[in-house]
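Listed below are the residues making up each chain.
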Amino acid sequence: VFDAGLRVKNIGEMLESVTGARIHVQVQLPERPCHVRVDASQFETALINIALNARDAMDGQGTLTLRVARVGTMPRIRGDEESRQPFVSIALADTGSGIPGETVERIFEPFFTTKAVGKGTGLGLSQVFGFAKQSGGNVDVASELGQGTVFTLYLPQVAPQVLSHEPLQEDLTPIPDTAQRH
């Protein structure tokens, strides 16, 4: 369990150095922490996969906005039912070229890529999809040619873990000292 906003803030800072000087990374966080119970490394990998695709779509310049918010429902996505429970949404919006309609339908398929040979495996977005689903959430995409793309990852919101500050109960039974026996 971790605060998604804090993790996204750290990823945003790291992306500044990865995306190049002409891509501006903005991070928008809610006032209160938003906790999720997911694999932290898969969470980071998913966001980085989306961000690197955004960088490529922006051809080296533009704005990448990472926005974390609390939402009361996860909308109906690609035929999956709407879910009325608290979710954390993590949206990555780019100012890139957008994705054509026929391509949007296939982007989460394993090994599907529009990149040149040797430039991509087609596994990044299928990993994002798999991570979202196994975490009890989903990922949505909205794109407009020439305007950019928004990927929104929905993950179930959980209560923060309360760390116990009680002292550990130590076993105070004396251990017999066998070294002094003759």
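These remarks concern the structure in this document.

Conventions and cut-offs
Residues numbered from 1 in each chain as written. Predicted model: local features only at pLDDT ≥ 70, side-chain atom pairs only at ≥ 80, totals over all residues. Heavy atoms only, no water. Core = buried A, V, L, I, M, F, W, Y, C linked by side-chain atoms within 4.5 Å. Buried < 20%, exposed > 50% of the residue type's maximum accessible area, 1.4 Å probe, protein only. Helix = DSSP H or I, 4+ residues; strand = E, 2+ residues; numbered from the N terminus. Contact = heavy atoms within 4.5 Å. Phe/Tyr/Trp six-rings, centres within 6.5 Å; stacked < 30°, edge-to-face > 60°.

**Some remarks on the nonpolar core**
Looking at soluble globular proteins, one finds that nonpolar side chains tend to be buried together.
Phase 1: Grouped together as the largest cluster of nonpolar side chains are 36 residues, with contacts concentrated most on Phe43, Leu64, Ile90, Phe151 and Leu153.
Phase 2: Within the residue set of this core, elements represented by two or more residues are α1 (4-19), β2 (23-28), α2 (40-57), β4 (62-71), β5 (87-94), α4 (124-134), β6 (138-144) and β7 (148-158).
Phase 3: For this core, the element with the most residues is α2, which contributes 6 residues.
Phase 4: Discounting chain neighbours no more than four positions away, the residues touching Leu64 are Leu15, Ile23, His24, Val25, Gln26, Ala51, Ala54, Met58, Leu92, Ala93 and Asp94.

**What to know about the packing of aromatic side chains**
Phase 1: Under the defined criterion, the tally for this structure stands at 4 aromatic pairs.
Phase 2: Between Phe43 and Phe131, the aromatic rings sit 6.5 Å apart at their centres with planes inclined by 65°, giving edge-to-face as the arrangement. One end of the pair, Phe43, is in helix α2; the other, Phe131, is in helix α4, and 88 residues separate them in sequence.
Phase 3: The class for Phe43 is buried, based on a relative accessible area of 0%.
Phase 4: Residue classification places Phe131 among the buried residues on the basis of a relative accessible area of 1%.
Phase 5: On the numbers, 6.3 Å between centres and 90° between planes, the contact of Phe108 with Phe151 is edge-to-face.

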